[in-house]
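# A closer look at the structure
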Amino acid sequence: MKLTFKGGIHPYEGKELTMDKDVIEYLPKGDVVYPLSQHIGKPAKAIVKKGDHVLAGDLIAEADGFVSANIHASVSGIVKVIEPRLTSSGSKVESIVIENDGLYESKEFVPNDKKISEYSKEEIIGAIKDAGIVGMGGAGFPTHVKLSPKEPDKIDRIIVNASECEPYLTSDYRRIMDEADKVIDGLKIVLSLFPGSKGIIGIEDNKPKAIALLKEKLADDPDITVNKLKTKYPEGAERQLIYANTGRYINSKMLPADAGCIVHNVDTVYAISEAVREGKPLMDRIVTVTGDAIENPVNIKVKLGTSYKELVEAAGGFKEDPAKIIAGGPMMGKAIYSLDMPATKSTSAILAMTKDEVAEYESSACIRCGRCVSVCPGRVMPNMLSDLAEAGAIDEFVANNGMECCECGCCSYVCPAKRHLTQTIAGMRKLVLANKKK
């Protein structure tokens, strides 16, 4: 990855492989797998059993609590089994497996032509909750929860994260270029929940066509601004995005709502439009399948539950054996050892590389060069935090702002000693959070 460092990381690498190609639509051939935990919060509860016949759009698992999300079938078929299945997190999660009948029969959805002003807040949030929409930029936070802040009157900025700062990823870009009207409509629906609020679409300046398209469509809209942002990784991280668009600062102990903001991914607001306008639950998303090991890098409109293996085959398969496969982008994605796992609501990309740049280098001692500190968007000292994490010094780790790390990967990328800084810090962060729950 040839990235430039001038106060940050500039991710141009790899986007040219897919950004100007038409999205292809793929219908899964094999079994379709739905993990019951595709979101932050409590896993959904299965409401189907082995042998049940379902149609696309049928509710198969319902939210089990406020911070949870419904799950719907994306194909028609028979419930084959409910059992643990491998996910991109590396763990096995209780999942509903549907034997795809290949007919792709769907339940009927009832669209409406009401004006946004004619919807009540309860109708909008109810439709979003029923549709099982979650944050689709990776975090997977249930959207109906995010849209129900404790102090709604303080919300005055709704930000759409269109920066897509990860190298290689272009699924959000294609969603804007192909279906900008629904993206804008979803934002307007959210704005209607918070009277007096203004909308901002934050998009990096390496996407000039998308910026021009959005500005043209919103030229006469006084409530929505298209902000052209400097292309600098990780501009799309929530804290950085809020600061870049509003000048407001939040830390790990705060929520965006504490700064009067709500942030949504492009695909999330698109899904909101479909849920409210057309009654459609979240059943598909766009996934970038790319990398120099892929025969035909492309964006694919994916039925949720489709296996990674089928998606790689839809992109022409491997032109040579990959040295590394990553679920997500190269900076924040997770390396995976199998393609036998399903696309979920938060699946953004499958990246297959012919060279494993991490494995070919052996870590050595820190040389105190300070590069990791200079690129850290969280303004912490990754070298020190990594040492504290390796020593198991939880209290010192927390006292030195270890929880401010956003796990962006910048420190690991620039480290000349090739230390696994992000991974080590991330492990300690998980341990701290786990101890809080006890």
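Read on for a plain summary of the structure. None of these values were measured; they are calculated from a predicted model.

Summed over the entire model, instances satisfying the criterion amount to zero aromatic pairs. The side chain of Lys114 reaches across the aromatic face of Tyr119, ending 4.6 Å from its centre. The ring centre of Tyr270 lies 3.7 Å from the NZ or CZ of Arg175, which sits over that ring.

Next up on the list: the sheet that holds strand S8 (residues 71-72). Taking strand neighbours across the sheet as the criterion, the three strands line up as S5-S7-S8 in an open arrangement whose pairing is antiparallel. Of all strands in the sheet, those with a lone pairing partner are strand S5 (45-46) and S8, marking the two edges. The pairing of S5 with strand S7 (residues 59-62) spans two bridges and is classified as antiparallel. From the neighbouring strand, Lys45 faces S7, where its bridge partner is Glu62.

Contact pair helix H3 (residues 171-191) / helix H4 (residues 208-217): the axes reach a minimum separation of 10 Å and the direction vectors enclose 15°. It follows from the interaxial angle that H3 and H4 lie roughly parallel. Of the two possible hands of crossing, H3 and H4 adopt the one that is right-handed. Contacts from Tyr173, Ile176, Met177, Ala180, Asp181 and Ile184 in H3 reach Lys209, Ala210, Leu213, Leu214 and Lys217 in H4.

This part covers helix H5 (residues 238-246). Side chains three or four residues apart in an α-helix point the same way, a direct result of the helix having 3.6 residues per turn. Along H5, the residues classified as buried are Gln240, Leu241, Ile242 and Asn245. In this structure, the buried side of H5 is in contact with strand S11 (157-161), strand S12 (198-204), strand S13 (224-229) and strand S14 (261-265). At the C-terminal side of H5, Gly247 shows a positive phi close to 75°.

Across four bridges, the pairing between strand S17 (residues 324-327) and strand S19 (residues 349-353) is antiparallel. For Ile325, the partnering residue across the bridge sits in S19 and is Ala352. As defined by bridge partners, S17 adjoins strand S18 (residues 334-336) across three bridges and the pair is classed as antiparallel. Paired with Ile325 across the bridge in S18 is Ile336. Count of turn residues in the S17/S18 antiparallel hairpin: six residues, of which Gly328 carries a positive phi of about 110°.

The next subject is the pattern of salt bridges. On inspection of all chains with the given rule, the structure shows 24 salt bridges. Of the charged contacts, one joins Arg248 and Asp156 as a salt bridge, the two residues approaching to 2.8 Å between their closest N and O atoms. With a gap of 92 residues between them, Arg248 in the loop between H5 and S14 and Asp156 in the loop between helix H2 (143-146) and S11 connect regions that are remote in the sequence. Under the relative-accessibility criterion, Arg248 is labelled partly exposed at 24%.

In this section: the packing of helix H1 (residues 121-131) against helix H6 (residues 266-278). Running from N to C, H1 and H6 cross one another at 110°; their axes reach a closest spacing of 9 Å. Between H1 and H6, the interaxial angle falls into the category roughly perpendicular. In this structure, H1 uses Ile124, Ala127, Ile128 and Ala131 to contact H6, whose residues at the interface are Ile272, Ala275 and Val276. For the contact of H1 with H6, the per-class residue count stands at seven nonpolar, no polar and no charged.

Attention shifts here to the sheet that holds strand S6 (residues 53-54). The strand order S4-S10-S9-S6 describes an open sheet built from four strands, whose pairing is antiparallel. Each edge of the open sheet carries a strand with a single partner, namely strand S4 (32-35) and S6. As defined by bridge partners, S6 adjoins strand S9 (residues 77-86) across two bridges and the pair is classed as antiparallel. Bridge pairing in S9 places His53 opposite Ile78.

Core analysis: the largest hydrophobic core is formed by 43 residues, its most contacted members being Ile133, Ile158, Phe194, Ile201, Ile203 and Leu214. Secondary structure elements with two or more residues in this core: H1, S11, H3, S12, H4, S13 and H6. Among the elements that line this core, the one with the most residues is H3, at nine residues. Apart from the residues lying within four places of it in its own chain, the contact partners of Phe194 are Leu147, Pro149, Pro152, Ile155, Ile158 and Ile262.

What follows concerns the side chain of Asn383. Inspection of the secondary structure assignment puts Asn383 in helix H9 (residues 382-391). Not counting residues up to four positions away in its chain, the partners in contact with Asn383 are Cys366, Arg368, Cys372, Val373, Arg419 and Leu421.

The next thing to look at is the pairing of S12. Burial runs high along S12: six of the seven residues are buried. Sheet analysis places S11 next to S12, joined by five bridges and oriented parallel. If you follow Ile159 over to S12, its bridge partner there is Ile200. Of the crossover connections in this fold, the one passing from S11 over H3 to the parallel S12 is right-handed. Strand direction decides the pairing type here: S12 and S13, joined by six bridges, are parallel. Residue pairing for S13: Ile203 is matched across the bridge by Lys228. Traced from S12 through H4 to S13, the parallel crossover comes out right-handed.

Each value, and the rule that gives it
- Residues numbered from 1 in each chain as written.
- Predicted model: local features only at pLDDT ≥ 70, side-chain atom pairs only at ≥ 80, totals over all residues.
- Heavy atoms only, no water.
- Phe/Tyr/Trp six-rings, centres within 6.5 Å; stacked < 30°, edge-to-face > 60°.
- Lys NZ or Arg CZ within 6 Å of the ring centre and 35° of its normal.
- Pairing = 2+ DSSP bridges.
- Helix = DSSP H or I, 4+ residues; strand = E, 2+ residues; numbered from the N terminus.
- Axes fitted to C-alpha atoms, helices over the stretch in contact; angles between N-to-C directions.
- Parallel < 35°, antiparallel > 145°, perpendicular 65-115°, else oblique.
- Left-handed = near helix turned anticlockwise from the far one by under 90°.
- Contact = heavy atoms within 4.5 Å.
- Buried < 20%, exposed > 50% of the residue type's maximum accessible area, 1.4 Å probe, protein only.
- Salt bridge = Lys/Arg side-chain N within 4 Å of Asp/Glu carboxyl O.
- Nonpolar A, V, L, I, M, F, W, Y, C, P; charged D, E, K, R; others polar.
- Core = buried A, V, L, I, M, F, W, Y, C linked by side-chain atoms within 4.5 Å.
- Right-handed = clockwise from strand over helix to strand, strands pointing away.

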